[in-house]
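Below, each chain spelled out in residue letters.
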Amino acid sequence: MAQVIANGVYLGAQYALIALGLTLIFALMNVLNFAHGQMYVLGGFITYTAYGQLGLPFIVALLASGVTLGVIGALIEKLLFRTVIRRSVREESTMLLAAAVAYFLDAVILLLFGEKQRGVPKIVNGVFVSDALIMPYDRLLIGALAVLFIGAFMLFMQFSKPGRAMRALAQDRVAAQLMGVRVDRYSMIGFALGAMLAGVVGGLLVAITGVNSGIGGPISIKAFLMVMIGGAGVVGGAIAGGFILGMIESVGLSVLHAYGDITYLVIFAALMVFLSIRPNGLMGKPWG
Amino acid sequence: MSSTSKLFSALAFLLVTLVAVPWLITVTRRLDLYYTLTSVALLAIASGGVWLTFYIGRINIGQAAFALMGGYVSAILVVTYGVPFWLTLPLAGLFCAVASILIGLPILRLRGVYFAMVTLVLTEVARLLALALPVTNGAKGLVNIPLPGSTTLFGVTLIPDFATLANPRLTFYLISVVLMVICYAGLYRLVHSRVGRLCLSLQQNEELASSIGVNVAYLRVVIYAVSSLLGGLGGAMFVAISQSIYPSSFTITDSINFMLNCFLGGLGYVFGPILGTFLLYFGWDLLFQTGRLQLLIFSSVLIALMLILPNGLLSLRLFRRSKG
Amino acid sequence: MDDLLQISRLTKQFGGLVAVSDVSFSVREGEILSIIGPNGAGKSTLFKLASSFLRPTAGEVRFRGERISGLAPHVVARRGVVRTFQETTIFKGMTVRENVIIAHQLRANASLLGYYFASSVARRDEAEFGRSADEILAFLGLDGIRNDPAVTLPHGHLRALGIAIGLATNPTVLLLDEPFAGMNHDETMRAVEIVLGVRRRGVTVLLVEHDMPAVMQISDRIVVLNFGEKIAEGTPAEIQQNQKVIEAYLGVEDESIGI
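Positions within a chain are numbered from 1, following the residues in the order the chain's sequence is written. A letter from A marks each chain and a number from 1 marks each ligand, given out in the order of writing. This being a predicted model, a pLDDT of at least 70 is required before a residue's local features are given, and a value of 80 or more before pairs of side-chain atoms are given or counted; all residues contribute to the totals for chains, interfaces and linings.

Within an unreviewed UniProt entry, the label attached to chain B reads Branched-chain amino acid ABC transporter permease, and the organism entered is Microvirga brassicacearum.

An unreviewed UniProt entry annotates chain A as Branched-chain amino acid ABC transporter permease originating from Microvirga brassicacearum. Listed in UniProt under the heading Sequence similarities (unreviewed entry), the comment for chain A reads: "Belongs to the binding-protein-dependent transport system permease family. LivHM subfamily." UniProt positions are given in the numbering used here, feature names are shortened, and annotations may be inferred rather than shown by experiment. In its Subcellular location (unreviewed entry) section, UniProt records this for chain A: "Cell membrane".

Following this line, the structure appears as structure tokens:
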């Protein structure tokens, strides 16, 4: 049982980090970023190249993933989303753009890194063993790093100037603008930050599960699930959603091990029932 | 447009698709184009359903679930129970409509991205169900489905037995186009009747609509059922042509593409999805020659189109009119 | 005069916050009753409760003796209790006339299928809706702009359109949400005329409002809320004399009672 819970927490921390990026972009710009999973994959491949191929320290590789994705995110916001949001009659148009960007990133990833599953050498060796728990040290480290990043992100949003500006923006775009928040600038920073989070998790998980070009879509869907569970556009919701999905998956896979895909079927079905009772998730506001 | 010019455009469309295109294909010997065009017609039917849910203000990324459901219902009826295909086609549509009512009652209360995400998940649920249920034969799918037989009405053969035809592809093409025309004529009438106005009132403000006595929940479910019916029809027809169906026959990619078709044509235009489907499917096919660059070019063009025409291709027409 | 709408012991809590607390009053047939109160007094919550757009935590709303609280808004509208919204809530993608025509849904005799296939009942309905819409638009002085896109209207007209939409439902009681908000003196006077005209059509009016002079001029009776509780009820003259009301308003600086 302790094993299942530990796995759930470890998984949940990764998931929460993914969901945070998605929910941030949604809260700031009302954009459902279909390309989130692809950003994650790209981050994974960058860490794979820097750490696995070039032999740079893991933390440097992680940094490279984060920075690259941040820049890509900023460019995507500035060059694409901003224009489309301004010129489109219906705000749903951003979904088409996000889907097209997802395809685009998929294509780029496929061309640059091919379709093989890639892995990297273990970052630390050894396994933690106690009576109730067996956990490789690298998983512990990655889990701890993820928790650390979540904490850093929350502190940043709570206390830094950009963080406060973005929270104001998420709450009420017009009011924030009247208060002198530079909407364009912070939309870009927010998008960059969301993309960066996706890239960093991709980098983190490459050390455990490796990466391949096909997992972008499924990762996006999991991120959507977490955001729906917790409530779209709410930081606390994303974290809660991440840990809940991590835990359910961990429990589900150990209980329904023999049935494989049934676990996800059960999760999906349960989610639809849950959402019909609580349409805005655990903490979401009815603003979607 | 006056009603005579409407009639004229409709006749011109039928003439081109039912006479000119087959003639061109025969002349150029590009028989493979029949399959492509048939696919466009059938996917356009499913996309039309997605467009209709957009029309009541819901972003539907779950149409592949109903296409898959329709396909399986038809295939199972044909293979396991020996029901004639032409009877399974309406049954598949109805099955999807009824299922969508049950699913829609709870989820249609969701709005905006929540509805979008739930329908996306629905697509995945459908795939997993198809894998898990005994009747669908799991990942192996249902294969070697017999071609549709003949159908007669009052002794007149409406559709001949496909197995005996020299050129079944042409017949499939003609039937699919006719089915598409019927579906879109229905959609056109819906949008231009008071029902369409009521849909528009939901799209623009559900609270206001309910304050003037519109039964919002009922209308939403009815429209979603029509939408899913179109998805089921498209899916069932598709299976009849490919003679096989797998859990992966319609996936999340298809759901997203149905949505893209609507966007690309323009959400404000009933016939937008036909144009969108045609361009997206043909564009993808044409780019096949570029090999590894196919997806890159395809997505770049999509992004460029979004930047230039964020309101869909048919908004060009609107632009011209407002200028002149 | 009979009690048409009875609000009895209505309470609404949001989390720990009590927005409306144990409020009771009645609206009589044919009168104009206004609900006033300082900002945050619970006026708009009470308004939504009365029109069944919110479910009360306790208490109930009865219309002609039958309970309507807890019913779906469209059902309540069908019974004859219809609300309007503040000005931006119209069907933005339609013309003025289309807005009013669509609002005739409660008078529809045909079913969805009837409209789809243009049955004779549906055609008769649509002709009747068009005629009635034109009559309402003329009544409210909107006939000159009936084919304008609704989004382009200035806000005086938007408010009138909101009322036109309400009238199209043929209501027994019309609930108006701040019909004079954000208007200058002349616009307010025109709006007052419109509301009086609505009553002359035999419609009972319940309105929520900030603008004190207009409320004093137009209302038969007034209910005053403060901190979610009813502190006074009476004719405008009585309300102006009421010590509790004066205190409640003196506590708020940016609001003038306008006496």
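Student: Mind showing me how you'd approach the interface of chain C and chain B here?
Tutor: Interfaces are often sized by the accessible area lost when the parts come together. It is the C-beta atoms, placed from the backbone, that decide contacts: two residues are in contact if theirs lie within 7 Å. Taken together, the contact pairs 22 residues of chain C with 20 residues of chain B. Put simply, DSSP marks the helices as runs of H or I at least four residues long and the strands as runs of E at least two long, and each gets a number from the N terminus on. Those elements that place two or more of their residues in the side of chain C that touches chain B are helix 2 (73–79), strand 6 (81–83) and helix 4 (112–116) of chain C. Here the element with the most residues in the side of chain C that touches chain B is helix 2 of chain C; it accounts for four residues. Only Asp, Glu, Lys and Arg are considered charged in this grouping, and only Ala, Val, Leu, Ile, Met, Phe, Trp, Tyr, Cys and Pro are considered nonpolar; every other residue, Gly among them, is considered polar. Of the residues belonging to the side of chain C that touches chain B, the class tally is 13 nonpolar, five polar and four charged.

Student: Which parts of the structure should I look at to understand the domain arrangement of chain B?
Tutor: Residues and elements named next belong to chain B. An automatic or database domain assignment is the source of the domain bounds shown. Domain annotation for chain B reports domain 1 (1–30) and domain 2 (32–251). Computed over C-alpha atoms only, the centres of domain 1 and domain 2 are separated by 25 Å. Contacts between the two partners involve seven residues from domain 1, matched on the other side by eight residues from domain 2. Tallied by class, the residues present in the side of domain 1 that touches domain 2 amount to five nonpolar, one polar and one charged.

Student: Explanation requested: the environment of C:I32 in the structure shown.
Tutor: Residues and elements named next belong to chain C. Take I32: it is sitting in strand 3 (residues 32–36). Placed 141 residues apart in sequence, I32 and V173 show a C-alpha to C-alpha distance of 9.8 Å. Those residues in contact with I32 that sit more than four places away from it in its chain are V195, R199, V205, I218, S219 and D220.

Student: How should the UniProt feature "transmembrane region" (unreviewed entry) in chain A be read in this particular structure?
Tutor: Residues and elements named next belong to chain A. UniProt annotation of "transmembrane region" (unreviewed entry) refers to residues 12–35, 55–76, 96–114, 134–157, 188–211, 223–246 and 258–277 when read in the numbering used here. Along residues 188–211 the backbone is 79% helical and 0% strand, and the end-to-end C-alpha distance reaches 28 Å. Split by type, residues 223–246 is 83% helix and 0% strand. Its first and last C-alpha atoms lie 11 Å apart.

Student: So what exactly am I meant to see when it comes to the sheet that holds strand 4 (residues 58–63) of chain C here?
Tutor: The pairing of strands in a sheet comes from backbone hydrogen bonds and takes either a parallel or an antiparallel form. All names here are of chain C. Any two strands with at least two DSSP bridges between them are considered paired. The strand order 2-1-4-5 describes an open sheet built from four strands, whose pairing is antiparallel. Every interior strand has two partners, whereas the edge strands, strand 2 (17–28) and strand 5 (66–67), have only one. When strand 4 meets strand 5, the two strands line up antiparallel, connected through two bridges. Each bridged residue has a counterpart across the sheet, and for F63 the counterpart in strand 5 is E66. Docked against the sheet, helix 1 (residues 43–50) engages strand 1 (3–14), strand 2 and strand 4, running at close to 60° with respect to strand 2. To obtain each axis, a line is fitted to C-alpha atoms, and for helices this fit is confined to the stretch in contact; angles are then taken between N-to-C directions over 0 to 180 degrees.

Student: Where do I start with the sheet that holds strand 9 (residues 221–226) of chain C in this structure?
Tutor: All names here are of chain C. Ordered in space as 6-7-8-3-9-10, the six strands form an open sheet in which the pairing is mixed. Looking at which strands have only one partner, the edges of the open sheet turn out to be strand 6 and strand 10 (229–234). Sheet twist, expressed as the average angle between the axes of neighbouring strands with direction ignored, equals 15°. Most of the contacts of helix 7 (residues 185–200) go to strand 8 (residues 204–208), to which it runs at about 150°, and overall it touches strand 3, strand 7 (173–177) and strand 8.

Student: Quick question: what am I supposed to make of the packing of helix 3 (residues 58–87) of chain A against helix 4 (residues 93–113) of chain A here?
Tutor: When two helices pack together, their arrangement is given by the angle between the helix axes and the distance between those axes. Residue and element names in this part refer to chain A. Interhelical geometry of helix 3 versus helix 4 gives an angle of 150° and a closest axis separation of 9 Å. Considered as vectors, helix 3 and helix 4 are oriented roughly antiparallel to each other. The element helix 3 and its partner helix 4 pack so that their crossing is right-handed. Between helix 3, through I76, L80, F81, V84 and I85, and helix 4, the contact on the second element is made entirely by S93, T94, L97 and V101. In these notes the angle categories are as follows: under 35 degrees is roughly parallel, over 145 is roughly antiparallel, 65 to 115 is roughly perpendicular, and the rest is oblique. For a crossing to be left-handed, the near helix must be turned anticlockwise from the far one by less than a right angle; the clockwise case is right-handed.

Student: How should I be thinking about the nonpolar core in this particular structure?
Tutor: In a soluble, globular protein the nonpolar side chains are often hidden away together inside. With 288 residues, the main nonpolar core has A:L20, A:V101 and C:A164 as its most contacted residues. Discounting residues that sit within four places of it in the chain, A:L20 has contacts with A:I150, A:F153, A:L197, A:V235, A:A238 and A:I239. The term nonpolar core refers to a set of buried Ala, Val, Leu, Ile, Met, Phe, Trp, Tyr and Cys residues connected through C-beta atoms within 7 Å. Partly exposed residues are those falling between the two cut-offs: more than 12 but fewer than 20 other C-beta atoms within 10 Å of their own, whereas 20 or more means buried and 12 or fewer means exposed, with C-beta atoms placed from the backbone.

Student: Looking at this structure, how should I read the environment of C:T95?
Tutor: Residue and element names in this part refer to chain C. Note on placement: T95 falls in the loop between strand 6 and helix 3 (96–102). Under the C-beta neighbour-count criterion, T95 is labelled partly exposed, with 17 such atoms within 10 Å. For the pair T95 and P149, spaced 54 residues apart in sequence, the C-alpha to C-alpha distance is 4.1 Å. With residues near it in sequence (within four places) discarded, T95 still touches N147, D148, P149 and A150.

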